[in-house]
Amino acid sequence: MAPVSAEEEAPAPSSPPLTDDDIVRLARELPQTSASIPSFLLSSTSHPILISYLHSRAAASSPSFAVADYILSLLSLISLSPRSSPISSLFSSLLLAYIKLFNSSQIPHDGNSLKTIQLFYLHLEIAPNQDLLAVADAIVSDLLQIVDPDDAQLLDLLPRCLDLIRDSEAIERGGEFVNSVVDHVLTSDWSKALLVKLVSLIREISYLDKGRCREFLEKVFFGMKGVDLQDLPSLVYQLLVLASKGFSKREVIEGIVMFFGLQMGSKATSIVRQVEGTVLLHVNFSVKQDPSLGQEVLGLARSDLRVFNNFTVSVLLSLARVRRFNESSIGILKTALLMSYRDFKSATGCKWLPSDLKEGYLQTVKKVEKAVMRAVNDSNFGREHIVPSIVQLGFILLESAEDGNQKAFYNSNGLMGTEELGIQMLKTLFEVHDMTRNEVIIEQCKFRILSLKPEQSMPIIRLLGYLIQTLPYPMLEHVSRLKELLDYFTFMHGKIATSFVTALLPLVKYSRDLQDYTILVVRKAMFRREDTIRIAATNAIIDLILEEKRSKRDRTYSFQDSSSQASCSQQAEVPGSLGAGLFQDLSSLLQRCLCQQATVKEIMYNGLVKLVLVDPLTAGPVLDFLLPHFLHFYREDADDQLDISCCVKSESGKICMEEPLDCLLSSISWILLLQPPGKTDRPSDSSWTCFGFSLSQENEAGKIMSSESFSSALLKIRQCLRRGNMEGLSSSFTEESGIFGHTQDTGSRTSEDEKTRSCAFILSGIFEVLLNTIATEMEKATDIEKVDLLKELIDFVNHYDSLEKSRSISRQRNGIKRGNLRNAVHDIPDNTDLGHMKLSWARIPFIATSSIYQLLQTFLDQYSLNFSDGVTNSHSCSQSSSSKVSVCCSKIISFVINTSLQQIKTFCVLGKDDPLKTLVYGEIEMLGPPLLKLIWLLKSEPTLEADQKKKEAKGRKDVEDRREHLHLALICLKELIKICMQNPHHTRLLEDLVSLSTVEYPLRNVADVGPEPDYECEIASGIDDQNIKSKVLLIAKCIRPLLSELLGLSFLREVEILCDVVMVICHELPCKWRDFNRDWAVRICNTSGITNSKVAKSLVKLAICLSSPPDDLILAQEMTKELLKVMGSEGSNPLETSETYAIINHSTTSATASSILELIESVIVDMDWVMAKLKTFSPVTLKSTSLDLSGEHASALCFEETLYARAEALDPQAEHLLRLVTRFYKHLAQMSKLRIAPKGWKQVLPGLKFEKLVELTCRQLTGPLYSFVALMQRDQQENAKSRGLLSKIKRENRWIPDLIFQIEDYEKYLIQLSKATKVNLLRHAKRSTSRDFKILEHPRTNTRGEEVPPNHNNSTAVENERGTGGLQECGDDTEEGHDDSERATSAPDELCSPLAAEDSESDGQEEEEEEEEEEEGDRDALPNPIPKRSKMSKVVQDSDDEA
């Protein structure tokens, strides 16, 4: 179009006005005709008329199209007109009029209005700059009316309008106007439609400062909870796009994570989960497009566990699908989980941590576990892409599984632990996602079982077992994979192989094919050379037979109780019957087991007993199976009925057991006892031809004869052994070995003695089997029969004792000590837990708990009859008979106590669901009351004979035996109580012991120190918790009086055991009841002048450990002061015994010092963890996150205030002291560093507690430490010629440089903090004048000859000693320091935290660099510079990096 001249611009006065229809028609025709624009439109006088046309069309019946058509036509004509003032004015007037109509809802908000606004947006630069101000005000004037997305159409104009205003030079202070408009928008109330619209527009406003960005995001995330669910994914995507353009990335990511994790976390509907799945996909896509967003997510998750929720876990799992973030994301999840468990365990073990913080850590762990499981459960709602990440994390957790003790600890607190959490994750995936079953989970299990170490493979095995138990039918689809894994059976570790077959057992009853294949694999394994593989194969055979018997027993309801429903194809796999019994089918393999080593035979014998326990009707066939093998060692007509010498053989000069005959006889005796009377197992379609029997009447009688043959053989063996003809019975090995005095050559005697000892062990086991049988018979015997059985019992005990002597003689002659062929009670191997089973090849005791109880009761009656009142029937019986009774009772007690100890020690060998557990161990807590009775009888002083002096040696021997028995009995009771503490269902033991202490055997004439026991028992009687009540009463009524009495009798070893018992029980008691026992232990320390160091250490440790914080440290401090008095110092002479604590004397100083240092070390270990946690609360770590930690800071400082007094008088433990104090100063340096505000943060004044801590450490710790080092080095110089002290001196000298460096590091940060706060924190400090560790100066003396103590308060002396040291500035400004101190005094304690406010006026970074340079200059000016400064500077740099 040609430009229009000035004459044409002037309107013709006579030109008639155009109607609105003419304008619409003209806009359509003008581009085609190329005619000129009418002068009416170019005149400013036409503007009111044109605006009136707009209002008239808005008042029409259908204003939407009419207004849009008119506006579009008029804007088209305006765009064709030359740029002039009237045209611009017309545009702005038209826009303002349209905005007014739009806001007043006179025109519909629809697609036509949107099209109109978009056209206004294209021509917005036509409007005059000043009119844009009115346009912007009009747009934001009525934001409250925006309730629908169409209502926010006008806001599309706002970013462009603000940009024009901001860039216009004609508008003064346009930036301020723009900021006012933005502030108006931010302060207005937002509807959900307005929120969504602003999020989409905010990216066009690129000039917002950080404060307004933060305010905008806070308002967005606050209002997101009102947004419709279907709008959330698009809103989040807009936010992610906004973050990718640099708009507050960290705040956007944190807001999204916290919104969906906290605000939406409680809405667990399926729609919400689908929305979250879509959001995760958006996050994953955004991270792929902009990896910096992924780094922000990782940084947020790594910063603190408080942002750890289910959505955070899902986001990290989603990020793990991006290759570059896989390792980091999974590592953060693993670290967060393990750290939460570790923090909870550390917090629980920290005595001085407040209970609310401990509860907080417990809730944190539960929150983390819940978050992980929620993320796994939601994986089926639109987020299947995270399934591989879940599988990866689950197996990593299984590989990081904790040991059994930690699992018990977590379970007791209602936590799953890493292993259980990993199993639940993978089990949930296996159940929900079909695609993960074979290719992911099963294949991963197979790979890891074969590649990992045995201890790491066990959790994978437990996972397979759990899947098979809970989801048997889905697992049937993967039998082929399991068979492939079975092919590696012979190459697995023994425990792994056994555990794997055990895990497969529940699936065997559903798949005959799997059962047959397992049998085939086991059959091959029996021919392997490795002992462990044959042992695993034997276990597998026994387990298969037992599972088959259980399935037959439970067949009526096993399929009904299945947790899964089988498909048609799966049900076809389930066999209706397993055919003939596996015991018969696998008889050939069992026969081969009889040709293996002794361990394999023991496993098989115990397995056969389990078989009879599961199905008693199999007792007959089992006895038929064992009879031929038994006849190899039993000769009925011979003088020596048992050929024990055949049970031991010599291979390559080594003696080994070939046949565990005692275990065989034990199994036979149990089977005979369990066999139902008059019943046998008769399979309908099977025969016993493999054992030499058939179903004929003759052979049926033969089957019955097998049990009778065993019964007759055992009776004859019992009679033969009772006669005690040991030499005749065992002549085959006793005469050759010379055990009864024969002599042979030295070369052959050693081998024969070893063989004799092995046979003696077998024979002693047979005695135990027979004693178990006798004790079982005594339970049902009449009084007359009990007399005969008692005599028989005594005879066997005497033979057992003589056999023990024979074994000891054999050991002495060999010149070496060899352990029992059975596992000693203290050598029980570690158990590997697999669900309800515990795999261990430790030998199971031959005597049942019920039999031991019967023996205890019987022997107690006999012992009480002779010694209960200390009166012997000297008038009616001779001294020789009395001596025989005493010796007999001593043997009986020795046997019973040792057997009880072995029974208690091996209690944890079998799993709780093992059939032998109930048979052998039963209710083991029943041993408690008789053991306590026995202890009370043994502690009584024996009555001496009138002519005791003639038999003084014999009397001493009896007393020593009695004390040894008492010692073992107390050990039994302690171990029994430990079992009770670990198993809550064994609480009956404590109740029985309390009842026995109160009613049947009250302790008379026992003076418990102080009047509190009665008061304590009276209060304890009102406790509602029966468990706590029993523990409190047991200690008050039984343990403490017994300990006091034993202490008076000087039974010191026994006192140590009772101290351990009190510690074990009190560990489970609340603080209130521990304090009662603490007071009792302190009273004993006050009054008891014990000289035995071990007992003294136990009592001191008991008193300190039972004290609640901070009383434990106060008590340790008091004992330390008394210890110093007893040990003496340069200014005072040592005392013989402490006046306050009689337990502290010259004989117990080292033990007491060791106990106190152990306490300090435990507290410093807790400080290591606390300091690590405090660093996470520093301003640099938290940034915008606020957390009130005043309680934790106060607890740490309160502890530190009492720690300084531990180091003054611990010379006997110098090395230990130096090590602990070095660590303590390291923590002090870290605490001081945390008080220095980082860059960008305002420095606040140190609090009163911190100033008090600095003063105490400078006055009472640092100075004495330098004196201590000087004294120690002087002693080293005096004793340098002693070779025995050289190694000790070298060890101590290694710690001295580290100590001095840590002190200087602490003082360096105090200097920096003093300069930053203008508070002289080191006004009480004293620099050592000897930095080369060669203290040569002697104590100064005044004119009176008195020693002048170090002057800590004289500031002049301090400055002279420091020279031009680093504190000269602070020392000169003493008054200013005091003024600052007063200002700090008025500040509240909450201001002591370094979590200061932002907007610091000073540059903390530059000040710190300047202070470090000045410090280096100050230290260079010291008179005696520290050697090897370069090495120490490097350490300082490491310390700086830690922050």
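Counting restarts for each chain: residues are numbered from 1 in the order of the written sequence. Only residues with pLDDT of at least 70 get local features here, since the model is predicted, and only at 80 or more are side-chain atom pairs given and counted; chain-wide, interface and lining totals rely on the full set of residues. Excluding hydrogens and water, the side-chain values take into account all heavy atoms of the structure.

K.L.:
Just to check I follow, could you spell out the overall build of the protein chain for this structure?
P.N.:
Helix numbers and strand numbers start at the N terminus; a helix is a DSSP run of H or I with at least 4 residues, a strand a run of E with at least 2. When its secondary structure is counted, the protein chain shows 64 helices and four strands. Relative to its full complement of 1443 residues, the protein chain shows a buried share of 52%. Intrachain contacts of the protein chain at a sequence separation of at least 6 include 78% that bridge at least 24 residues. Carbon and sulfur atoms form 50% of the exposed surface of the protein chain, whose accessible area is close to 65,000 Å². Under the scheme applied here, a residue whose accessible area is under 20% of the maximum for its type counts as buried, over 50% as exposed, and between as partly exposed, the area being computed with a 1.4 Å probe on protein chains only. Residue contacts follow a heavy-atom distance rule, with two residues in contact if any of their heavy atoms lie within 4.5 Å. For the area figures, the Shrake-Rupley method with a 1.4 Å probe applies, and any residue is considered shielded solely by the protein chains shown.

K.L.:
Just to check I follow, could you spell out empty space enclosed by the protein for this structure?
P.N.:
Over the atoms, a rolling probe the size of a water molecule traces out where space has been left empty. The distinction between a cavity and a pocket rests on a 1 Å grid over the protein atoms alone: a 1.4 Å probe fits inside a cavity but cannot get out, while a pocket stays open yet meets protein on both sides within 12 Å along at least five of seven lines, and a residue with an atom within 4 Å of a point counts as lining. Grid points are joined across faces, edges and corners, and a volume is the space filled by probe spheres set on the points. Per the counting criterion, the structure on display carries 19 cavities of 30 Å³ or more. Roughly 140 Å³ of internal volume is contained in the second largest cavity. Along its surface, the second largest cavity is lined by 13 residues, and Leu158, Val185, Leu198, Ile202 and Ile205 are the ones closest to its centre. When contributions to the lining of the second largest cavity are tallied by element, the ones reaching two or more residues are helix H9 (157-167), helix H10 (174-187) and helix H11 (192-201). Gly is placed with the polar residues, together with every amino acid not listed as nonpolar (Ala, Val, Leu, Ile, Met, Phe, Trp, Tyr, Cys and Pro) or charged (Asp, Glu, Lys and Arg). Split into classes, the residues belonging to the lining of the second largest cavity amount to 13 nonpolar, no polar and no charged.

K.L.:
Can you help me understand a nonpolar patch on the surface in this one?
P.N.:
Patch rule: a residue counts if its relative accessible area is over 30% and it has no salt bridge; like charges are joined within 9 Å, and nonpolar side chains (Val, Leu, Ile, Met, Phe, Trp, Tyr) within 5 Å. Here, a salt bridge means any Lys or Arg side-chain nitrogen found within 4 Å of an Asp or Glu carboxyl oxygen. A grouping of Leu450, Tyr488 and Phe491 is seen on the molecular surface, where their side chains present a nonpolar patch of about 320 Å² in accessible area. Here Tyr488 is to be found in the loop between helix H26 (479-486) and helix H27 (494-508).

K.L.:
Where do I start with the packing of aromatic side chains in this structure?
P.N.:
For any pair of aromatic rings, the description rests on two quantities: the centre-to-centre distance and the angle between the ring planes. Two rings from Phe, Tyr or Trp (for Trp, the six-membered ring) form a pair when their centres sit within 6.5 Å of each other. Planes less than 30 degrees apart are called stacked, planes more than 60 degrees apart edge-to-face, and all others tilted. All told, the structure shown has 21 aromatic pairs when counted by the stated rule. Members of the aromatic cluster, connected to one another through ring pairs, are Phe91, Tyr98, Phe102 and Phe120. Here Lys483 stacks its cationic end above the ring of Tyr517, 5.0 Å away from the centre of that ring. Counted as over-ring charges are cases with an Arg CZ or a Lys NZ within 6 Å of the ring centre that also lie within 35 degrees of the ring normal. Sitting above the plane of the Tyr1309 ring, Lys1308 keeps its charged end 4.4 Å from the centroid.

K.L.:
What exactly am I supposed to notice about the environment of Leu1159 here?
P.N.:
Here Leu1159 lies in helix H54 (residues 1149-1176). Other than its neighbours up to four places away in sequence, Leu1159 contacts Ile1104, Asp1112, Leu1113 and Ala1116.

K.L.:
What should I look at first to understand the packing of helix H6 (residues 85-103) against helix H7 (residues 111-122) in this one?
P.N.:
Packed helix pairs are characterised by how far apart their axes lie and by the angle those axes make with each other. In this analysis an axis means a line fitted to C-alpha atoms, helices contributing only their contacting stretch, and an angle means the value between N-to-C directions, from 0 to 180 degrees. Relative orientation of the contacting elements H6 and H7 amounts to 150°, with a least axis distance of 12 Å. Taken together, the axis directions place H6 and H7 in an arrangement best described as roughly antiparallel. Judged by the sense of rotation from one axis to the other, the crossing of H6 with H7 is left-handed. Across from Phe91, Leu94, Leu95, Tyr98 and Phe102 in H6, the residues of H7 making contact are Ser113, Thr116, Ile117 and Phe120. Roughly parallel refers to an angle under 35 degrees, roughly antiparallel to one over 145, roughly perpendicular to one between 65 and 115, and oblique to any angle outside these ranges. The crossing is said to be left-handed when, going from far helix to near helix, the turn is anticlockwise and less than a right angle, and right-handed when the turn is clockwise.

K.L.:
Is there a simple way to think about unusual backbone geometry in this case?
P.N.:
Peptide bonds are trans in most cases, and residues, glycine excluded, mostly fall at negative phi. Here the amide bond leading from Pro1109 into Pro1110 is cis, since omega sits at 0°, within 30 degrees of zero. By the element assignment, Pro1110 lies in the loop between helix H52 (1093-1105) and helix H53 (1111-1127). Non-glycine residue Ser248 carries a positive phi angle of around 45°. Relative to the assigned elements, Ser248 resides in the loop between helix H13 (232-244) and helix H14 (249-263).

K.L.:
Would you explain helix H19 (residues 355-377) in this entry?
P.N.:
Because each turn of an α-helix spans 3.6 residues, side chains separated by three or four positions end up pointing in the same direction. Helix span, as expected, comes to 1.5 Å for every residue beyond the first. Between the first and last C-alpha of H19 there are 33 Å, a value that for 23 residues agrees with the 33 Å anticipated at 1.5 Å per step. What H19 keeps buried is the set Tyr361, Leu362, Val365, Val368, Glu369, Ala371, Val372, Met373, Arg374, Ala375 and Val376.

K.L.:
In this structure, what is going on with the pairing of strand E2 (residues 654-657)? I would like to understand it.
P.N.:
As a general feature of sheets, a regular strand has side chains that alternate between the two faces. Pairing of strand E1 (residues 648-651) with E2 involves four bridges; the strand directions are antiparallel. The residue of E2 that forms the bridge with Glu651 is Lys654. In textbook terms, the turn of a hairpin is the stretch between consecutive antiparallel strands, and for E1 and E2 this stretch comprises two residues, one of which, Ser652, has a positive phi near 55°. Here a strand pair is declared whenever DSSP counts at least two bridges between the two strands.

K.L.:
What is the right way to read the confidence of the model for the protein chain from this model?
P.N.:
Low pLDDT means the predicted coordinates in that region are not meant to be read closely. Think of pLDDT as the predictor's per-residue confidence, scored from 0 to 100. Averaged over every residue, the pLDDT of the protein chain is 75; the share at 70 or more is 72%. Note that residues 1003-1011 has pLDDT below 50 and, in this model, 15 contacts with residues that lie over four places away or in other chains.

K.L.:
Sorry, what's going on with the environment of Leu631 here?
P.N.:
Along the chain, the position of Leu631 falls in the loop between helix H35 (619-630) and E1. Take Leu631: its relative accessible area is 47%, and that puts it in the partly exposed class. In sequence terms Leu631 and Leu642 are eleven residues apart; their C-alpha atoms lie 9.5 Å from each other.

K.L.:
Looking at this structure, I do not really get the side chain of Thr1152. What am I missing?
P.N.:
As for its position among the elements, Thr1152 is in helix H54. Among the polar contacts made by the side chain of Thr1152, one reaches the main-chain carbonyl oxygen of Thr1148 at a distance of 2.8 Å. Contacts of Thr1152, omitting those with residues within four sequence positions, involve Val1100, Leu1123 and Ile1144. We define a polar contact as two N or O atoms separated by no more than 3.5 Å, with the added condition that, inside protein, one atom must be a possible hydrogen donor and the other a possible acceptor, whereas residues neighbouring each other in sequence contribute only through side-chain atom pairs.

K.L.:
Quick question: what am I supposed to make of H11 here?
P.N.:
Of all ten residues in H11, seven are buried, a share of seventy percent or more. Buried within H11 are the following residues: Ala193, Leu194, Leu195, Lys197, Leu198, Val199 and Leu201. Of the surrounding secondary structure, the elements contacted by the buried residues of H11 are H9, H10, helix H12 (210-223) and H13.

K.L.:
How do you make sense of the packing of H26 against helix H28 (residues 512-525) when you look at a structure like this?
P.N.:
Where H26 contacts H28, the two axes come as close as 10 Å, and the packing angle between them is 5°. Here H26 is positioned roughly parallel relative to H28, judged by the angle of their axes. From H26, Val479, Lys483 and Leu486 reach across to H28, where they touch Asp513, Leu514, Tyr517, Thr518 and Val521. For the contact of H26 with H28, a count of residues per class yields five nonpolar, one polar and two charged.

K.L.:
I keep staring at the pattern of salt bridges and nothing clicks. Help me out?
P.N.:
Working definition: two side chains of opposite charge can pair if their charged atoms are close together. In this structure the tally under the stated criterion is 46 salt bridges. Among the salt bridges present, the one from Arg212 reaches Asp183, with a minimum N-O distance of 2.8 Å. Of the two residues, Arg212 is situated in helix H12 and Asp183 in helix H10; the sequence distance between them amounts to 29 residues. Note on Arg212: relative accessible area 17%, which makes it buried. The partner of Asp531 in a salt bridge is Arg534, and the shortest N-O contact between them spans 2.6 Å. With a gap of three residues between them, Asp531 and Arg534 both fall in helix H29 (residues 531-553), about one helical turn apart.

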